[in-house]
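Architecture at a glance
Spelled out, the chains give:
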Amino acid sequence: MQEDMYGFFAFLKVPPGPPFPEHLHTKIMCGIVWCYTGALEKVEEAFRPIRNFATPAFEHIGPMPYPALQSMFDSLYPTGLQWYWKGDFVNQLSDEAIALHLKYGSQLPSLLSTMHLFPIDGAANRVGNKDTAFSFREANWSMVIVGVDPDPTNAEKITTWAKEYWNALHPYTCGGAYVNFMMEEGQERVQATYRDNYERLVAIKNKYDPTNLFRVNQNIKPVSPFGELKIKN
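Reading the values: rules and limits
Residues numbered from 1 in each chain as written. Predicted model: local features only at pLDDT ≥ 70, side-chain atom pairs only at ≥ 80, totals over all residues. Heavy atoms only, no water. Helix = DSSP H or I, 4+ residues; strand = E, 2+ residues; numbered from the N terminus. Buried < 20%, exposed > 50% of the residue type's maximum accessible area, 1.4 Å probe, protein only. Contact = heavy atoms within 4.5 Å. Areas by Shrake-Rupley, 256 points an atom, 1.4 Å probe, with all protein chains shown as cover. Lys, Arg positive; Asp, Glu negative; His and termini not counted. Charge placed at Lys NZ, Arg CZ, Asp CG, Glu CD. Core = buried A, V, L, I, M, F, W, Y, C linked by side-chain atoms within 4.5 Å. Salt bridge = Lys/Arg side-chain N within 4 Å of Asp/Glu carboxyl O. Expected span 1.5 Å × (residues − 1). Polar contact = N/O pair within 3.5 Å; in protein donor to acceptor, adjacent residues only side chain to side chain. Pairing = 2+ DSSP bridges. Axes fitted to C-alpha atoms, helices over the stretch in contact; angles between N-to-C directions.

**Some points on the overall build of the protein**
Scanning the protein from terminus to terminus reveals 6 helices and 7 strands. Secondary structure of the protein in N-to-C order comes out as β-β-α-α-β-α-β-β-α-α-α-β-β. Referenced to the eigenvectors of the C-alpha coordinate spread, the extents of the protein come out at roughly 65 × 45 × 35 Å. Here the protein, with 233 residues, has 35% of them falling under the buried criterion. Considering only residue pairs separated by 6 or more positions, the protein has 67% of its internal contacts joining residues 24 or more positions apart. Put simply, the protein shows about 14400 Å² of open surface, and 57% of that area lies on carbon and sulfur atoms. Charge-centre separation for the protein: the mean point of 21 positive side chains lies 6 Å from the mean point of 25 negative side chains.

Right, here's the structure in full:
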């Protein structure tokens, strides 16, 4: 296993500007964002299986500081945009699931909307599911479907696409999601994400935050001796 190499898959519309060639601008395509952290003299060897697999329509590869990679798309996504997220953990990509991805991934509703599929491997697999709150270390991917647009009048459009995409793929997933990829989806989704760890988290919440002060999140609700504690804003 090559732990110095990581790449996530994306359906995307090619941004209309450099470094992307003009003939690809705004086209819906499949892309992979790679990160290699090994020795520079071994980079060609590391990428050789990828290059042998297929010739990309475009590539932009070179040494860069890690913060530069992290901020590479910041200019495309300024503050103030309309967002709608839906996520799930995934074990297997069946032929049926891949067909659904192709259906909805080819119908991106706006320039900035996308779907990312992040592998879960390496160090994440070497920690037990009950050792931390994160309980899906056996999953192979974390999927996020993201509707994005600057125009508030398109909020319903991007939200509908994300929900329909997610509803179609959800039967092929593990049932929980990475909490940063979730909207306000109800307590059942929070519990499905933490699974057997949820009750332990409730016990910690009861001890350190019994009034649920910290609740603007994918909330672990405290429980009083008389039942669930209700907090009004």
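**Re the nonpolar core**
Core analysis: the biggest nonpolar cluster contains 17 residues, and Tyr104, Met115, Met143, Ile145, Trp161, Tyr165 and Leu169 have the highest contact counts within it. If you list the elements that add at least two residues to this core, you get strand S3 (82-90), helix H3 (95-105), strand S4 (114-119), strand S5 (141-149) and helix H4 (155-169). Top element by residues in this core is H4. It accounts for 6 residues. Other than its neighbours up to four places away in sequence, Ile145 contacts Tyr84, Trp85, Lys86, Thr114, Met115, Trp161, Ala162, Tyr165 and Trp166. With 9 residues, the next largest nonpolar core counts Ala10, Leu81, Leu112 and Phe118 among its residues.

**Let's talk about the environment of Ile50**
Residue placement: Ile50 occurs in helix H1 (residues 43-53). We classify Ile50 as partly exposed; its relative accessible area is 27%. When near neighbours in sequence (up to four residues on either side) are disregarded, Ile50 contacts Met5 and Trp34.

**Overview of the pattern of salt bridges**
Taken as a whole, this structure holds 8 salt bridges when the rule is applied. Close ionic contact of Lys205 with Asp209 constitutes a salt bridge, the shortest N to O distance being 2.7 Å. An identical accessibility class is assigned to Lys205 and Asp209; each is buried. When salt bridges that share partners are traced, they join Lys86, Asp88, Glu185 and Arg189 into one network.

**A short note on H4**
Its 15 residues give H4 an end-to-end C-alpha distance of 21 Å, which sits within 8% of 21 Å, the value for a rise of 1.5 Å per residue. Every buried residue belonging to H4 is among Ile158, Thr159, Trp161, Ala162, Tyr165, Trp166, Ala168 and Leu169, and all of these are buried. Of the surrounding secondary structure, the elements contacted by the buried residues of H4 are strand S1 (5-13), S3, H3, S4, S5 and helix H5 (187-194).

**Thoughts on the side chain of Ser110**
Inspection of the secondary structure assignment puts Ser110 in the loop between H3 and S4. For Ser110, a relative accessible area of 5% gives the class buried. Here Ser113 takes part through its side chain, which lies 2.7 Å from a polar atom of the side chain of Ser110. Leave out the neighbours within four places in its chain, and Ser110 touches Lys13, Val148, Asp149 and Ile158.

**What to know about the sheet that holds S4**
Pairing within the open sheet is antiparallel, and its 5 strands lie in the order S2-S1-S4-S5-S3. The open sheet has two free edges, formed respectively by strand S2 (28-36) and S3, since each of these has just one partner strand. Strand-to-strand twist in this sheet, taken as the mean axis angle between neighbours without regard to direction, amounts to 15°. Two strands pair when backbone bridges link them, and S1 and S2 are joined in this way by 9 bridges, in the antiparallel orientation. Along S2, the bridge assignment pairs Met5 with Tyr36. The sheet contacts of H1 involve S1 and S2, and relative to S2 the element is tilted by about 150°. Along the sheet, H3 makes contact with S1, S2, S4 and S5, crossing S1 at roughly 50°.

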